[in-house]
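Here is how the chains run, residue by residue.
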Amino acid sequence: GPRGAPVAVLYGTQTGTAERFARDLCGALSERYGPGVAPRPVDVETYDPGARLAGEGLALLCMATYGDGEPTDTAVDFCRWLEEAGK
């Protein structure tokens, strides 16, 4: 059948907290908006933002940090891409 609006819930996590939050957010979006949305949790470690981000209907970011706000190991490349894309 027809799918709802795509929502990429991108997460960067070290201990799993941001991933759990992203999955919970996907569940809450589905519960609230039903078939009108098609949310999916996506690990930024395996995501190609240059090829995919512009085509997302909506992208939400759930990003863990450590220290003074540094990205997690899994999110370093994604954050570097965002910094470069913003220049």
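Residues numbered from 1 in each chain as written. Predicted model: local features only at pLDDT ≥ 70, side-chain atom pairs only at ≥ 80, totals over all residues. Heavy atoms only, no water.

**Student:** Describe the nonpolar core, listing the residues and the values that go with them.
**Tutor:** Counting nine residues, the largest nonpolar core is built from Val7, Val9, Tyr11, Ala18, Ala22, Cys26, Leu29, Val37 and Cys62. The set of elements that each furnish at least two residues to this core consists of β1 (5-12) and α1 (17-33). With four residues, α1 is the largest single contributor of residues to this core. Residues within four places of Tyr11 in sequence aside, it is in contact with Ala18, Glu19, Ala22, Arg23, Pro41, Val42, Asp43, Val44, Cys62 and Met63. Core analysis: the second largest hydrophobic core is formed by eight residues, Ala8, Leu10, Val42 and Tyr47 among them. (Core = buried A, V, L, I, M, F, W, Y, C linked by side-chain atoms within 4.5 Å. Buried < 20%, exposed > 50% of the residue type's maximum accessible area, 1.4 Å probe, protein only. Helix = DSSP H or I, 4+ residues; strand = E, 2+ residues; numbered from the N terminus. Contact = heavy atoms within 4.5 Å.)

**Student:** Let's hear about the state of the cysteines: which residues, and what values?
**Tutor:** As used here, a disulfide is simply a covalent bond connecting the sulfur atoms of two cysteines. Summed over the entire model, instances satisfying the criterion amount to zero disulfides. With no disulfide of its own, Cys62 lies closest to Cys26 among cysteine sulfurs, the gap being 7.9 Å. In this structure Cys62 comes out as buried when scored by relative accessible area, which is 6%. Here Cys79 stays free of any disulfide, with the sulfur of Cys62 as its closest cysteine sulfur at 13 Å. (Disulfide = S-S within 2.5 Å.)

**Student:** Would you mind going over the pairing of β1 in detail, with residue names and values included?
**Tutor:** Burial analysis of β1 places six of its eight residues in the buried class, the great majority of the element. One ladder, built from seven bridges, connects β1 with strand β2 (residues 37-43); its direction is parallel. Each residue of the ladder has a partner; that of Tyr11, found in β2, is Asp43. Running through α1, the crossover from β1 to the neighbouring parallel element β2 is right-handed. As paired strands, β1 and strand β3 (residues 58-63) are joined by six bridges and run parallel to one another. Bridge pairing in β3 places Gly12 opposite Met63. (Pairing = 2+ DSSP bridges. Right-handed = clockwise from strand over helix to strand, strands pointing away.)

Any functional reading would require information beyond the geometric quantities listed.
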